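Letter by letter, the chains look like this.
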Amino acid sequence: MKLLLLGIFTLTLSACFGQGDRIYTVDELMADEALLAKIISECRNNPGALRQTPNCQNAEAAEWRIRLRLPRKSSGG
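All of the points below concern the structure found in this document. The shown structure was predicted, so the numbers you read here are calculated from the model rather than taken from an experiment.

### Side note on the state of the cysteines
Disulfide: a covalent bond connecting the sulfur atoms of a pair of cysteines. Across all of its chains, the model carries 1 disulfide by this definition. One disulfide in the model links cysteine 43 with cysteine 56; its S-S distance is 1.8 Å. Taking the torsion about the sulfur-sulfur bond, which here is approximately -90°, the covalent link between cysteine 43 and cysteine 56 counts as left-handed. Placement of cysteine 43 in helix H3 (residues 33-45) and of cysteine 56 in helix H5 (residues 54-69) is noted, with a sequence separation of 13 residues between them. For cysteine 43, a relative accessible area of 9% corresponds to the buried category.

So this is what it looks like as structure tokens:
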């Protein structure tokens, strides 16, 4: 009986820490531009609270890597 209650408690508790607390890697964010834009927007809207979070740091790194990959436009002359 104690094991059953412990199992139910564990499942209930694990449901509280779902997808919202997930930390995305730089590669995942580079692959999903919509998610990257969402996280960048949230981080820039509240930098005091979110700037040092792993998702914000990974999003900034992903954005930087994406910018480095884009070809630079040459100035027409």
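Alright, that's what it looks like, and here's the rest.
### Remarks on H3
For H3, spanning 13 residues, the distance from its first C-alpha to its last is 18 Å, which sits close to the expected 18 Å at 1.5 Å a residue. Along H3, the residues classified as buried are Leu35, Leu36, Ile39, Ile40 and Cys43. Considered in projection along H3, the buried side chains sweep an arc of 130° and stay on one side of the axis. More than 90 degrees from the buried face of H3, the exposed residues found are Glu33, Ala34 and Asn45. Tucked inside the fold, the buried residues of H3 contact helix H2 (26-31), helix H4 (47-50) and H5.

### A look at the packing of H3 against H5
The geometry of H3 relative to H5 is characterised by a closest axis approach of 9 Å and an angle of 120° between their N-to-C directions. Here H3 is positioned oblique relative to H5, judged by the angle of their axes. The handedness of the crossing between H3 and H5 comes out as left-handed. Taken together, the residues of H5 that come into contact with H3 (itself represented by Leu36, Ile39, Ile40, Cys43 and Arg44) are Asn55, Cys56, Ala59, Glu60, Ala62, Glu63 and Ile66. Here the contact of H3 with H5 is composed, by residue class, of 8 nonpolar, 1 polar and 3 charged.

Conventions we followed
- Residues numbered from 1 in each chain as written.
- Predicted model: local features only at pLDDT ≥ 70, side-chain atom pairs only at ≥ 80, totals over all residues.
- Heavy atoms only, no water.
- Disulfide = S-S within 2.5 Å.
- Helix = DSSP H or I, 4+ residues; strand = E, 2+ residues; numbered from the N terminus.
- Buried < 20%, exposed > 50% of the residue type's maximum accessible area, 1.4 Å probe, protein only.
- Expected span 1.5 Å × (residues − 1).
- Arc of directions from axis to C-beta.
- Contact = heavy atoms within 4.5 Å.
- Axes fitted to C-alpha atoms, helices over the stretch in contact; angles between N-to-C directions.
- Parallel < 35°, antiparallel > 145°, perpendicular 65-115°, else oblique.
- Left-handed = near helix turned anticlockwise from the far one by under 90°.
- Nonpolar A, V, L, I, M, F, W, Y, C, P; charged D, E, K, R; others polar.

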